[in-house]
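# Close look at the chain arrangement
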Amino acid sequence: MKKGHDLKQWSKKEFTRRLVRWNQEQNDRAMPWKGERDPYRIWLSEIILQQTRVQQGWAYYQAFLRAFPDVRSLASAPDQAVFKLWEGLGYYTRCRNLIASARHIAFERDGRFPDTYAAIRALPGVGPYTAAAIASFAFNLPHAVVDGNVQRVLARVFGIREPADTASGKRLFNQWAQDLLDPVRPGAYNQAIMDFGATVCKPLAPACPTCPLRLHCVARRLDQVRELPVKRKVSAPRRRWIYYLVLEHGDRVWIRQRGAGDIWQGLFEFLPVETDREVSAEEVLSLARVRGLLPKGAAETPVWSPRITQQLSHQQITGRFLRVRFSRKPAKPGPGQWVSRDQLIHFPFPVFIRSYLKSPGIATPA
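Treat the numbers as computed from the prediction; the structure is a model and nothing was measured.

### Quick word on empty space enclosed by the protein
It is the rolling of a water-molecule-sized probe over the atoms that shows where space remains empty. Scanning all chains against the criterion turns up 1 cavity of 30 Å³ or more. Quantified by volume, the largest cavity comes out at close to 80 Å³. For the largest cavity, the full set of lining residues is R156, V157, V200, C201, P206, A207, C208, C211, R214, C217 and R220. Grouping the amino acids of the lining of the largest cavity by side-chain chemistry returns 8 nonpolar, no polar and 3 charged.

### Topic: the layout of surface pockets
Its volume calculated, the second largest pocket comes out at about 440 Å³. Together, 21 residues line the second largest pocket, and G90, Y91, Y92, W264 and L312 are the ones closest to its centre. Within the residue set of the lining of the second largest pocket, elements represented by two or more residues are α6 (93-108) and β6 (308-311). Here the lining of the second largest pocket is built from residues that sort into 8 nonpolar, 11 polar and 2 charged.

### Some remarks on unusual backbone geometry
Following L228, the chain continues to P229 via a peptide bond in cis, the omega torsion being 0 degrees. Relative to the helices and strands, P229 is located in the loop between α12 (218-221) and β1 (238-249). Unlike most non-glycine residues, Q51 shows phi in positive territory, near 60 degrees. Tracing the chain through its elements places Q51 in the loop between α2 (39-49) and α3 (54-67). Backbone geometry places D223, a non-glycine residue, at a positive phi of 55 degrees. By the secondary structure assignment, D223 is in the loop between α12 and β1.

### Focus: the packing of aromatic side chains
Counted by the stated rule, this structure contains 21 aromatic pairs. Relative to F321, the ring of Y244 lies with its centre 5.4 Å away and its plane at 20 degrees, an arrangement referred to as stacked. Taken together, the residues Y244 in strand β1 and F321 in strand β8 (residues 321-326) connect sequence positions 77 residues apart. Assigned by exposure class, Y244 and F321 land together as buried.

### Looking at the side chain of E14
Mapping E14 onto the fold places it in helix α1 (residues 12-25). Only 2.6 Å separates the side chain of E14 from the side chain of R18, close enough to count as a polar contact.

### Description of α3
Under the 1.5 Å per step criterion, the end-to-end length of α3 is 20 Å for 14 residues, consistent within 8% with the ideal 20 Å. The inward-facing, buried residues of α3 abut α2, α4 (71-76), α5 (79-86) and α6.

### Considerations on the pairing of β8
Strand direction decides the pairing type here: β1 and β8, joined by 6 bridges, are parallel. Along β8, the bridge assignment pairs E248 with R325. In this structure, strand β5 (residues 303-304) lies alongside β8, joined through 2 bridges in antiparallel fashion. Bridge pairing in β8 links W304 to L322.

What counts and how
- Residues numbered from 1 in each chain as written.
- Predicted model: local features only at pLDDT ≥ 70, side-chain atom pairs only at ≥ 80, totals over all residues.
- Heavy atoms only, no water.
- 1 Å grid on protein atoms, 1.4 Å probe; cavity = no way out; pocket = protein on both sides within 12 Å on 5 of 7 lines; lining within 4 Å.
- Points joined across faces, edges and corners; volume = space filled by probe spheres on them.
- Nonpolar A, V, L, I, M, F, W, Y, C, P; charged D, E, K, R; others polar.
- Helix = DSSP H or I, 4+ residues; strand = E, 2+ residues; numbered from the N terminus.
- Phe/Tyr/Trp six-rings, centres within 6.5 Å; stacked < 30°, edge-to-face > 60°.
- Buried < 20%, exposed > 50% of the residue type's maximum accessible area, 1.4 Å probe, protein only.
- Polar contact = N/O pair within 3.5 Å; in protein donor to acceptor, adjacent residues only side chain to side chain.
- Expected span 1.5 Å × (residues − 1).
- Contact = heavy atoms within 4.5 Å.
- Pairing = 2+ DSSP bridges.

Note that every value here comes from positions in space, so none of it alone points to a role or purpose.
Okay, structure coming up:
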């Protein structure tokens, strides 16, 4: 091992032994999938937890199991029903990969979940971490998981200063994690080190005084707990302005399905007008006319919503909604459909739009 602490008498076996003992005697972190051996349930939980906190993913995991108790029921469900259940979790590529993987397993593998690391890794949306988690938890295969919790524990205990978010850093942490893995109980060890990072070696206010590894922790000895793990400076998120025209006729609203190649692919939306800066309602209407989005015949003065902002991982979305009512049914403004307000609840919308629909005065079903 390089670029880390000289182990000397602090052996790999001792680190692993203490961590496994902590897991057996002190780890009381509760999660509904903990100790699960069913690969379908483990895979479902891991896909949901990608880019999602445990507290948020818990309810979605339970809802998916109620709706789709096995891989065949998930594979047979209409896309829209799965996306509707996923609504609010974000990162919708995960949902598309979930559907694709379920259908591959159900229809091409006759419902048999892949049982090797390589075969699991080949599923859509499954990276090295997710493949290692499924392989070790479901099949007790010796593959180490490496997430932010694992990197933090290893960086602090062994004094690893290589940036964790670089290619070389990832290779280094993967090697450390694999070298420290308990080959007899890989699943239990993986769960132990992840839970240890989440509950003891936390990003802020770690429980150093009671940590069972404290006497050998390089970061504690050198007062570098706040500095490790090292991360590169994160660039500022991209800012976008998206304004939506909410076309209404009677009790019907015009919606369309968002296409590929951008955020919210496959979800539903109103008519978007994207700009490179914040603009007024008049400018939105003018741009909509120029782009051929606004049919003729508006019967009332458009109603402008309050500003809404959503922070995504690499971009910030800000915008408003402009309700435009028509006394007579206008010409179609492009691909899409008229639906009643009562039907809106059945369509999957991004959180940005769902937050608008839940606003007072919008009058959509709860």
